[in-house]
Amino acid sequence: MTTTTDSRAAARTAPAPSSTYRLGFGRLLRSEALKLFTLRSTWWSLGITVLLAVGIALVVGLATQSLPDEFREQVPLNPVTAVVSPLQLTMLVAGIFGAMAITGEYSTGMIRSTFAAEPRRGAVLLAKTIVVAATLVATTVVTSLIAIVVLTPIYGSNGFAWDDAELTWIPLAYSLLAIASVTLLGLGAGFIIRNGAGAIGATVGLLFVAPLILSIFAAFGESWRWIADLAQYLPYNAAGTLVNGAGDDALPALIALVAWPAAALLGGWALLRTRDA
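The rules behind the values
Residues numbered from 1 in each chain as written. Predicted model: local features only at pLDDT ≥ 70, side-chain atom pairs only at ≥ 80, totals over all residues. Heavy atoms only, no water. Helix = DSSP H or I, 4+ residues; strand = E, 2+ residues; numbered from the N terminus. Buried < 20%, exposed > 50% of the residue type's maximum accessible area, 1.4 Å probe, protein only. Contact = heavy atoms within 4.5 Å. Areas by Shrake-Rupley, 256 points an atom, 1.4 Å probe, with all protein chains shown as cover. Axes fitted to C-alpha atoms, helices over the stretch in contact; angles between N-to-C directions. Parallel < 35°, antiparallel > 145°, perpendicular 65-115°, else oblique. Left-handed = near helix turned anticlockwise from the far one by under 90°. Nonpolar A, V, L, I, M, F, W, Y, C, P; charged D, E, K, R; others polar. Phe/Tyr/Trp six-rings, centres within 6.5 Å; stacked < 30°, edge-to-face > 60°. Lys NZ or Arg CZ within 6 Å of the ring centre and 35° of its normal. Polar contact = N/O pair within 3.5 Å; in protein donor to acceptor, adjacent residues only side chain to side chain. Arc of directions from axis to C-beta. pLDDT = per-residue confidence, 0-100. Salt bridge = Lys/Arg side-chain N within 4 Å of Asp/Glu carboxyl O.

## Re the overall build of the protein
Link 1 in the chain: Helix and strand counts for the protein stand at 13 helices and zero strands.
Link 2 in the chain: Ordered by position from N to C terminus, the α and β elements of the protein give α-α-α-α-α-α-α-α-α-α-α-α-α.
Link 3 in the chain: Across the 277 residues in the protein, those meeting the buried criterion constitute 38%.
Link 4 in the chain: Considering only residue pairs separated by 6 or more positions, the protein has 78% of its internal contacts joining residues 24 or more positions apart.
Link 5 in the chain: About 15200 Å² of surface is accessible on the protein, with carbon and sulfur atoms providing 67% of the total.

This is the structure in C-alpha cells:
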C-alpha cells in the first residue's frame, strides 16, 4: 500500500516533459495573416482607402486636363502625378494601420497567446512585419492600377509614357517604398508604445506635425536654418522628394525612408525581448 501511494504521489509531482515543438515560420506567417484578415475593420479600412485614393486621383486628373492648352504646352503634366497625388492620405492610413496591427493585440491580450504559441519574439515581429507591409503594398498596387485604368482615357494622347522609367515606373516604385516605410514605422511605434492612441499619435506627429515645427525655424535666420533643413529627412518629406523627382537628393531621401522604420522596429524588438507581454 505504501509503495502504491508513493508511486502515485511521484506521478503527480513529476514535471511534465517539455515540448520541443516549434511553430514553423510559414505557419507563423499564416497565423499573422489570419489574425489580420479575419477582422472586418481591416477590409473596411483598406476598401475605403482604395475608393478615396482613386477618387482623389480622378479629381486631380480631371482638374489638370481642364487647364488651358497654353499652360499645358508650357508645363508638361505627368499623369503619374495624379496617380501618386493621394500619397498623403495613403501614408496616413498606412501609419495608423501599422500601429493598430500590434496595439490591438496588446489591448485584447491576444499577444500573450501569440507568444505562448511562438516564444521566439523576434520571429513574431518579423512575421508581422512581412504580413502588414505586404498588405499595404498590395493595396497600393491595386489602387495605382485602378487609378491608371481610370485616368488613361482622360489623358488620351497625353497619357502615360511607359517607355520613360523616370516619369512612370520610378515614381510608382518610390510610392510603394513610402507606403511600406510608413507602415513599418507605425508597427515599430506600436511595439514600443503598446497603446493604440499613443502609437498613432507618435506616428502621425512624426509624419505631419514634425515637418511643420521644423519649418518654423526657417524664419529665424540663417543661424537656425540647419534645423529647418532637417525636415527633408523626415519620412513624409523624404517620400515627397523621391516621388516628385529627387535628382541629387535621391540617396539621402532613400536612406531616410529606410532608416526611420528600421530604427522603430529595432527599438521595438529590443523592448520586446526585455519586458513582459
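On we go.
## Examining the packing of helix H6 (residues 87-108) against helix H10 (residues 196-216)
Link 1 in the chain: Remark: H6 packs on H10, axes separated minimally by 9 Å, with the N-to-C direction vectors making an angle of 150 degrees. Overall, the two elements H6 and H10 adopt an arrangement that is roughly antiparallel. Judged by the twist between their axes, the crossing of H6 over H10 is right-handed. Along its contact with H6, which presents Gln-88, Met-91, Leu-92, Gly-95, Ile-96, Ala-99, Met-100 and Thr-103, the element H10 presents Gly-196, Ala-199, Ile-200, Thr-203, Val-204, Leu-207 and Phe-208.
Link 2 in the chain: Tallied by class, residues from the contact of H6 with H10 come to 10 nonpolar, five polar and no charged.

## Some thoughts on the packing of aromatic side chains
Link 1 in the chain: Applying the stated criterion across every chain yields a total of seven aromatic pairs.
Link 2 in the chain: Both rings, one in Phe-217 and one in Phe-220, keep their centres 5.8 Å apart while their planes meet at 85 degrees; by these two values the pair is edge-to-face.
Link 3 in the chain: Through a chain of ring-to-ring contacts, three or more aromatic side chains come together here, namely Tyr-155, Phe-160, Trp-162 and Trp-169.
Link 4 in the chain: The residue whose ring lies beneath Arg-121 is Phe-115, and the NZ or CZ to ring-centre distance is 4.5 Å.

## Re the packing of helix H2 (residues 25-37) against helix H8 (residues 121-155)
Link 1 in the chain: It is the contact of H2 with H8, at a shortest axis distance of 9 Å, that shows an interaxial angle of 55 degrees. Relative to H8, H2 is oriented oblique. Our pair here, H2 against H8, has a crossing hand that is right-handed. Judged by residue contacts, Phe-25, Leu-28, Leu-29, Glu-32, Ala-33, Lys-35, Leu-36 and Phe-37 of H2 engage Ala-123, Val-124, Leu-126, Ala-127, Lys-128, Ile-130, Val-131 and Thr-135 from H8.
Link 2 in the chain: By residue class, the composition of the contact of H2 with H8 is 12 nonpolar, one polar and three charged.

## Notes on the side chain of Thr-114
Link 1 in the chain: Secondary-structure assignment places Thr-114 in helix H7 (residues 110-117).
Link 2 in the chain: Side-chain polar atoms of Thr-114 contact the side chain of Lys-35, separated by 2.9 Å.
Link 3 in the chain: Setting aside residues up to four positions removed in sequence, Thr-114 forms contacts with Glu-32, Lys-35, Glu-105 and Val-124.

## Considerations on H7
One full turn of an α-helix is made of 3.6 residues, so residues set three or four places apart face in the same direction.
Link 1 in the chain: When we look at burial in H7, the residues that qualify are Ile-111, Thr-114 and Phe-115. Taken down its axis, H7 places every buried residue within 90 degrees of arc, on the same side. Facing away from the buried side of H7, by more than 90 degrees, are the exposed residues Arg-112 and Ala-116.
Link 2 in the chain: Residues of H7 that are buried sit in contact with H2, H6, H8 and helix H13 (250-274).

## A look at the confidence of the model for the protein
Link 1 in the chain: Scored by pLDDT, the protein has a mean of 86; 87% of the residues are at 70 or more.
Link 2 in the chain: The weakest mean pLDDT in the protein belongs to helix H1 (residues 2-13) at 48; the strongest belongs to helix H9 (residues 169-193) at 95.
Link 3 in the chain: Long-range and interchain partners of residues 9-19, a stretch whose pLDDT sits below 50, account for zero contacts in this model, where long-range means more than four residues apart.

## Describing the pattern of salt bridges
Link 1 in the chain: For the structure on display, the rule yields six salt bridges.
Link 2 in the chain: Here Lys-35 makes a salt bridge to Glu-32, at a shortest N to O gap of 3.1 Å. Of this pair, Lys-35 and Glu-32 both sit in helix H2, separated by three residues, roughly a single helical turn.
Link 3 in the chain: For Glu-32, a relative accessible area of 2% puts it in the buried group.

## Brief notes about the side chain of Thr-49
Link 1 in the chain: On the secondary structure map, Thr-49 appears in helix H3 (residues 40-65).
Link 2 in the chain: We classify Thr-49 as buried; its relative accessible area is 9%.
Link 3 in the chain: Not counting chain neighbours up to four residues away, the residues in contact with Thr-49 comprise Thr-90 and Val-93.

## Overview of the environment of Ile-154
Link 1 in the chain: Along the chain, Ile-154 falls in helix H8.
Link 2 in the chain: Overall, the relative accessible area of 23% leaves Ile-154 in the partly exposed class.
Link 3 in the chain: For the pair formed by Ile-154 and Leu-58, sequence separation is 96 residues and the distance between their alpha carbons is 8.9 Å.
Link 4 in the chain: Apart from residues no more than four positions distant in its own chain, Ile-154 is found in contact with Leu-58, Gly-61, Leu-62 and Gln-65.

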